Amino acid sequence: ADWKRVLRIEFNSKNFEIELNKIKNGLEVAYIPATDELGLLFLISSKEPDSLNVFSVKSGEDTTVFSNPQALIESGNLRFIGKAKPKEQIQLGPMKIKFLGAFPKTGIQYKHSPGDAIMIIGMGILILGVLIAFGSKRVIWGFVDKDTNNLVLLGNADRLRDSFKVEFSELVKNLA
């Protein structure tokens, strides 16, 4: 299972999940290149876990230096756009960014299907059919000969034929 945290945001009414990366000082960062000249940096602090800080980043900025956002702010490469609480939105030109929250996410998923009962019954029938098909079959036929008025027995087995011959001969002796 994957137990990472994701940032859920809405860009112009479309939901997105972005993986959050932990950096020093209890910060979590997510980065999206928006255009060739601009990227968006989302920052969540452990001091304010229910607030999202949004920054614009000049193009060509090395994303490995996001471990020190304060140095980027001082260099002029990182510009504060706004802060949002859950369900609040920030207007950035024609784009509306709505903060939905930061959540732990796992790779384990469970789905419910209304057809589960039918599938389980069908699987049970299939397993029963396989067991019957692979089970050992012993067949004994009997009929009365009209001319001699004797009981005639015939038998067949698909497996363990030698043991079936012994059992069949004992059955014939006991019937005699």
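Residues numbered from 1 in each chain as written. Predicted model: local features only at pLDDT ≥ 70, side-chain atom pairs only at ≥ 80, totals over all residues. Heavy atoms only, no water.

Enquirer: Where do I start with the sheet that holds strand 9 (residues 95-104) in this structure?
Expert: The strands making up a sheet associate through hydrogen bonds between their backbones, and the pairing can be parallel or antiparallel. Pairing within the open sheet is antiparallel, and its four strands lie in the order 2-1-9-8. The outermost strands of the open sheet, each flanked by one partner alone, are strand 2 (14-19) and strand 8 (89-92). Within the sheet, the average angular offset between the axes of one strand and its neighbour, ignoring direction, is 30°. Of the strand pairs in this sheet, strand 1 (residues 5-11) and strand 9 are connected by seven bridges, and their pairing is antiparallel. Residue pairing for strand 9: Ile9 is matched across the bridge by Phe99. (Pairing = 2+ DSSP bridges. Helix = DSSP H or I, 4+ residues; strand = E, 2+ residues; numbered from the N terminus. Axes fitted to C-alpha atoms, helices over the stretch in contact; angles between N-to-C directions.)

Enquirer: Whenever I open this one, helix 2 (residues 116-134) confuses me. Can you help?
Expert: Along an α-helix, a turn takes 3.6 residues, which lines up residues three or four apart on a common side. Helix length check: helix 2 (19 residues) gives 27 Å between terminal C-alpha atoms against 27 Å at 1.5 Å per residue, within 8%. The element helix 2 is largely exposed, with a buried count of zero among its 19 residues. (Expected span 1.5 Å × (residues − 1). Buried < 20%, exposed > 50% of the residue type's maximum accessible area, 1.4 Å probe, protein only.)

Enquirer: Where do I start with the pairing of strand 10 (residues 138-145) in this structure?
Expert: Within a regular strand, the side chains alternate between the two sheet faces. The pairing of strand 10 with strand 11 (residues 150-157) spans eight bridges and is classified as antiparallel. Bridge pairing in strand 11 places Gly142 opposite Leu153. Counted along the chain from strand 10 to the antiparallel partner strand 11, the turn is four residues long, and its residue Asn149 has a positive phi close to 60°.

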